[in-house]
Amino acid sequence: MNAITAVTDYLRSSKAELQKVSWPSRKDTIRYSSLVLGISLVVAIFFAGLDYGLNALTTQLLTLRVNAGTQAPASTTDQPVTTPVVPGLDITNDSGTFIPTDVKTEPTTGNTNSAQ
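Just so it is clear, the structure is predicted and the values come from calculations on it, not from any experiment. (Residues numbered from 1 in each chain as written. Predicted model: local features only at pLDDT ≥ 70, side-chain atom pairs only at ≥ 80, totals over all residues. Heavy atoms only, no water.)

Q: Outline the overall build of the chain, listing residues and values.
A: The secondary structure content of the chain amounts to two helices and zero strands. Counting all 116 residues of the chain, 3% fall into the buried class. Only carbon and sulfur atoms are counted for the fraction: they give 63% of the accessible area of the chain, which is about 10,600 Å². (Helix = DSSP H or I, 4+ residues; strand = E, 2+ residues; numbered from the N terminus. Buried < 20%, exposed > 50% of the residue type's maximum accessible area, 1.4 Å probe, protein only. Areas by Shrake-Rupley, 256 points an atom, 1.4 Å probe, with all protein chains shown as cover.)

Below you can see the structure in the form of structure tokens.
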């Protein structure tokens, strides 16, 4: 059997199988597509709300944690309350971004020639 005969047989059998398929009607296709889009939209809204809620909760908890370190001590001793620090991150800055504390930056002198 040569290659052309094999391809021809394959195409004929594929056509015969496709004629046996029970294709959905236009109405069913629209209904199923609408169902998929609707469920996808509901799931997207659910996860967006979950993301927003968890983000707000995390921000609130971090704010409370940082503020707890700046308030007066609750005990009668004169020891200040310290906030535990996560190594490598400074969450006490006012810009709202994390600044690595373990990265050392050298002041620049304006000299761009590094090889001297």
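Q: Now, about the pattern of salt bridges: what can you tell me, with residues and values included?
A: For the structure on display, the rule yields two salt bridges. The partner of Asp28 in a salt bridge is Arg31, with the nearest N and O atoms 3.4 Å apart. Of this pair, Asp28 and Arg31 both sit in helix α2 (residues 26-70), three residues apart, roughly one helical turn. Taking relative accessible area as the criterion, Asp28 reaches 23% and is therefore assigned partly exposed. (Salt bridge = Lys/Arg side-chain N within 4 Å of Asp/Glu carboxyl O.)

Q: Could you give an account of helix α1 (residues 3-20), naming the residues involved and the relevant values?
A: Over its 18 residues, α1 runs 26 Å from end to end, which matches the ideal 26 Å to within 8%, given 1.5 Å per residue. By the N-cap criterion, in which a side-chain oxygen at the helix start approaches the backbone nitrogen of a residue two or three places on, α1 is capped by Asn2, the distance to Ile4 being 3.4 Å. (Expected span 1.5 Å × (residues − 1). Polar contact = N/O pair within 3.5 Å; in protein donor to acceptor, adjacent residues only side chain to side chain.)

Q: Give me the packing of aromatic side chains: which residues, what numbers.
A: By the definition in use, this model includes one aromatic pair. Each ring, one from Phe46 and one from Phe47, has its centre 5.2 Å from the other, and the planes form 70 degrees; the classification is edge-to-face. (Phe/Tyr/Trp six-rings, centres within 6.5 Å; stacked < 30°, edge-to-face > 60°.)

Q: Go over a nonpolar patch on the surface, please, and point to the residues and values.
A: A surface patch of nonpolar side chains, about 970 Å² in accessible area, is lined by Leu35, Ile39, Val43, Phe46, Phe47, Leu50, Leu54, Leu57, Leu61 and Leu64. Mapping Val43 onto the fold places it in helix α2. Using a relative accessible area of 37% as the deciding quantity, one classes Val43 as partly exposed. (Patch = residues over 30% accessible without salt bridge, like charges linked within 9 Å, V, L, I, M, F, W, Y side chains within 5 Å.)

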